[in-house]
Amino acid sequence: MPTLEYLRSEIERMRTQIGRQRKEILQLQRAGIGTASAEALLTRMQAKVEQLAAQRDEVKKAEPRETRTRVLGGRKW
């Protein structure tokens with residue numbers, strides 16, 4: 001299973017790509033060029049990010065409680 005750090009970096013990388021893809025689709029639409037295949041790719045990329053986020057959440061839950069880092073200044077409940 002991938003590490004938590006790997007999943008986080010992959011999600012961030014894919015989100016950057018999605019932003020670029022959206023900008024390209026807008027440029028194509030302004031130019032009057034069909035964007036159906038680009039929009040299909042964007043949908044697949046978004047689904048992959050959602051899958052990675054779910055996987056990240058599973059890895060996070062499986063992590064032992066003692067090794068989880070706390071936010072600085074966080075409260076002890």
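Each chain carries its own residue numbering, running from 1 in the direction its sequence is written. Local features in this predicted model are restricted to residues of pLDDT 70 or higher, and side-chain atom pairs are both shown and tallied only at a pLDDT of 80 or more, whereas totals for entire chains, interfaces and linings draw on every residue. Heavy atoms throughout the structure, all of them, feed into the side-chain values; hydrogens and water do not.

*Asks:* Could you clarify how one ought to interpret the nonpolar core in this entry?
*Replies:* Generally speaking, soluble globular proteins have nonpolar side chains that are buried together. For the purposes of this section, nonpolar cores are sets of buried Ala, Val, Leu, Ile, Met, Phe, Trp, Tyr and Cys residues that join through side-chain atoms within 4.5 Å. Relative accessibility under 20% of the residue-type maximum defines a buried residue, over 50% an exposed one, and the middle range a partly exposed one, all with a 1.4 Å probe and only protein chains included. Core analysis: the biggest nonpolar cluster contains 13 residues, and Ile-11, Met-14, Ile-18, Val-49 and Leu-52 have the highest contact counts within it. Numbering of helices and strands runs from the N terminus; a helix is a DSSP stretch of H or I covering at least four residues, while a strand is a stretch of E covering at least two. Within the residue set of this core, elements represented by two or more residues are α1 (4–30) and α2 (36–62). In terms of residue count, α2 provides more of this core than any other element does, seven residues in total. Contact partners of Ile-11, with chain neighbours within four places excluded, come to Val-49, Leu-52, Ala-53 and Arg-56. By definition in these notes, contact holds between two residues if any of their heavy atoms fall within 4.5 Å.

*Asks:* Looking at this structure, how should I read the packing of α1 against α2?
*Replies:* Packed helix pairs are characterised by how far apart their axes lie and by the angle those axes make with each other. The geometry of α1 relative to α2 is characterised by a closest axis approach of 9 Å and an angle of 160 degrees between their N-to-C directions. As the angle between them shows, α1 and α2 are arranged roughly antiparallel. The way α1 lies across α2 gives a crossing that is left-handed. Ten residue types, Ala, Val, Leu, Ile, Met, Phe, Trp, Tyr, Cys and Pro, are classed as nonpolar, four, Asp, Glu, Lys and Arg, as charged, and the remainder, Gly among them, as polar. For the contact of α1 with α2, the per-class residue count stands at 14 nonpolar, five polar and eight charged. Axes here refer to lines fitted to C-alpha atoms; in helices the fit is confined to the stretch in contact. Angles between the N-to-C directions go from 0 to 180 degrees. Angles are sorted into four bins: roughly parallel if under 35 degrees, roughly antiparallel if over 145, roughly perpendicular if 65 to 115, and oblique for all others. Handedness of each helix crossing follows the sense of rotation of the near helix against the far helix: counterclockwise by less than a right angle gives left-handed, clockwise gives right-handed.

*Asks:* Please clarify how the side chain of Gln-21 should be interpreted in this entry.
*Replies:* Note that Gln-21 resides in helix α1. A relative accessible area of 13% means that Gln-21 is categorised as buried.

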